[in-house]
Amino acid sequence: MATPHIGCEKDDIAETVLMPGDPLRAKYIAENFLEDYKLVNEVRNMFAYTGTYKGKKVTVFASGMGIPSIGIYSYELYRYYGVKSIIRIGTCGSFNKNIKLLDVILSSGAYCKSYFDELLDGVDIDFIQSSESLNRRIMNTAKIKGMDLKYGKTITSDIFDLYCDDEEKFRGNFPSMDFLSVEMEAFGLFYIAKKLGKEASCLMTVVDSLYDKRSLTSEDRETSLNNMIKMALESII
Ligand code: HPA
């Protein structure tokens with residue numbers, strides 16, 4: 001069995017998938033958090049590993065960047081590989097005064113002006129919620145483990161916002177909802193999950209902020225990313 005973008009057997013993929021954007025982060029997660037893992041996809045170097053975490057079978061599958069890329073992988077995993085839940089674990093920016101660098105955010109839903117939904121289904125949806133039940137599990141885990149977790153709305157953009165010449169103009173494209181984060185994938189994942197009757201959540205570590213201009217050490221980044229990975233893994237066991 002194979003799909004246009006995934007080259008493994010159905011059995012090679014777990015029902016629950018953690019989805020970082022970067023293929024090398026998928027490798028890092030497998031090597032540092034999973035047991036008995038094996039490489040199950042390397043088509044286009046979009047690495048995926050399946051192993052166990054505390055005895056539970058889990059797949060870490062990279063999404064690449066942007067809605068088109070995460071749209072393809074989430075669709076094929078849900079539709080052809082029997083995947084039930086995907087938790088995106090990525091990075092994001094923020095232009096919210098209450099959000100600090102390295103905060104970990106759980107997305108309640110994503111606002112997006114992409115053409116994706118119209119091309120796929122002839123509909124024009126601006127905001128789509130993540131999965132309440134999966135979110136609840138993640139929030140409970142964070143609470144039990146004493147991990148700080150912010151919960152709120154995300155902007156999914158078709159451009160990397162930091163490359164916009166005019167930040168104010170960029171922000172003016174979106175309604176004045178209280179957005180916590182900006183990134184480029186959540187809407188695509190939530191949309192595909194909802195279309196196929198599956199679960200999806202999105203955890204993000206804040207790596208750019210309009211209001212917090214400290215420079216991050218690679219150690220700080222790694223600690224925060226590791227916390228987010230642990231939060232995702234603990235919530236699925
Ligand atoms: N993704 C990840 N990090 C970011 C982004 C984004 O779209 N914007 C600002 N920092």
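In case you missed it, the structure is sitting above this.
These numbers were taken from a predicted model, which means no experiment stands behind them.

Draft legend 1. How the structure looks around the packing of helix H1 (residues 23-33) against helix H7 (residues 218-236). For the pair H1 and H7, the least separation of the axes is 12 Å and the interaxial angle reads 70 degrees. By the angle between their axes, H1 is roughly perpendicular relative to H7. Along its contact with H1, which presents Arg 25, Tyr 28, Ile 29 and Phe 33, the element H7 presents Glu 222, Leu 225, Asn 226, Ile 229, Lys 230 and Leu 233. Taken together, the residues of the contact of H1 with H7 sort by class into six nonpolar, one polar and three charged.

Draft legend 2. Structural view of the side chain of Ser 130. Following the sequence through the fold, Ser 130 ends up in the loop between strand S7 (127-129) and helix H4 (132-145). Given a relative accessible area of 8%, Ser 130 falls into the buried group. In this structure the side chain of Ser 130 is engaged in a polar contact, spanning 2.8 Å, whose partner is the side chain of Asn 135. Leaving out residues up to four positions away in the same chain, Ser 130 has contacts with Ser 107, Ser 108, Gly 109, Asn 135, Phe 190, Ala 200 and Ser 201.

Draft legend 3. Representation of the packing of aromatic side chains in the model. In total, this model carries ten aromatic pairs according to the counting rule given. Geometrically, the ring pair formed by Phe 160 and Tyr 163 is edge-to-face, given 4.7 Å between the ring centres and 80 degrees between the ring planes. You can call Phe 160 partly exposed: its relative accessible area is 36%. For the ring pair Phe 187 and Tyr 191, a centre distance of 6.1 Å and an interplane angle of 20 degrees mean the geometry is stacked.

Draft legend 4. Looking closely at unusual backbone geometry. Of note, the phi angle at Arg 44 is positive, near 55 degrees, even though the residue is not glycine. Looking at where Arg 44 falls in the secondary structure, it is placed in the loop between strand S2 (35-41) and strand S3 (48-53). Look at Asn 45: it is not a glycine, yet its phi comes out positive at around 60 degrees. Accessibility expressed as a relative area gives 47% for Asn 45, which makes it partly exposed.

Draft legend 5. The arrangement of the pattern of salt bridges in detail. For the structure shown, the criterion picks out 14 salt bridges. Arg 88 is the salt-bridge partner of Glu 183, the closest N and O atoms lying 3.1 Å from each other. Here the residue Glu 183 occupies a position in strand S9 (residues 179-183), and Arg 88 occupies one in strand S5 (residues 85-94), the gap between them amounting to 95 residues. Note on Arg 88: relative accessible area 3%, which makes it buried. The structure contains a network of salt bridges with shared partners spanning Lys 100, Asp 103, Asp 148 and Lys 150.

Draft legend 6. Main features of the environment of Leu 162. Structurally, Leu 162 can be placed in the loop between strand S8 (150-156) and helix H5 (167-172). Measuring from C-alpha to C-alpha, the distance between Leu 162 and Gly 93 comes to 8.7 Å, with 69 residues separating the pair along the chain.

Draft legend 7. How the structure looks around the site of the ligand. Taken together, Thr 91, Cys 92, Gly 93, Phe 160, Asp 161, Leu 162, Val 182, Glu 183, Met 184, Val 207 and Asp 208 are the residues near the ligand. Gly 93 places a main-chain nitrogen or oxygen 3.4 Å from a nitrogen atom of the ligand. Between a nitrogen atom of the ligand and a side-chain N or O atom of Asp 161, the distance comes to 2.5 Å. Out of a free accessible area of 260 Å², the ligand has 91% covered by protein chains.

Draft legend 8. A look at the nonpolar core. Formed by 66 residues in total, the largest nonpolar core has its most connected members in Phe 61, Leu 77 and Leu 203. Excluding its chain neighbours within four sequence positions, the residues that come into contact with Leu 203 are Ile 87, Arg 88, Ile 89, Gly 90, Val 104, Ile 105, Leu 106, Ile 138, Leu 149, Met 228, Met 231 and Ala 232. One finds Phe 95, Ile 155, Phe 170 and Val 182 within the second-largest nonpolar core, a separate group that totals seven residues.

What counts and what doesn't
Residues numbered from 1 in each chain as written. Predicted model: local features only at pLDDT ≥ 70, side-chain atom pairs only at ≥ 80, totals over all residues. Heavy atoms only, no water. Axes fitted to C-alpha atoms, helices over the stretch in contact; angles between N-to-C directions. Helix = DSSP H or I, 4+ residues; strand = E, 2+ residues; numbered from the N terminus. Parallel < 35°, antiparallel > 145°, perpendicular 65-115°, else oblique. Contact = heavy atoms within 4.5 Å. Nonpolar A, V, L, I, M, F, W, Y, C, P; charged D, E, K, R; others polar. Buried < 20%, exposed > 50% of the residue type's maximum accessible area, 1.4 Å probe, protein only. Polar contact = N/O pair within 3.5 Å; in protein donor to acceptor, adjacent residues only side chain to side chain. Phe/Tyr/Trp six-rings, centres within 6.5 Å; stacked < 30°, edge-to-face > 60°. Salt bridge = Lys/Arg side-chain N within 4 Å of Asp/Glu carboxyl O. Near = heavy atom within 4 Å. Areas by Shrake-Rupley, 256 points an atom, 1.4 Å probe, with all protein chains shown as cover. Core = buried A, V, L, I, M, F, W, Y, C linked by side-chain atoms within 4.5 Å.

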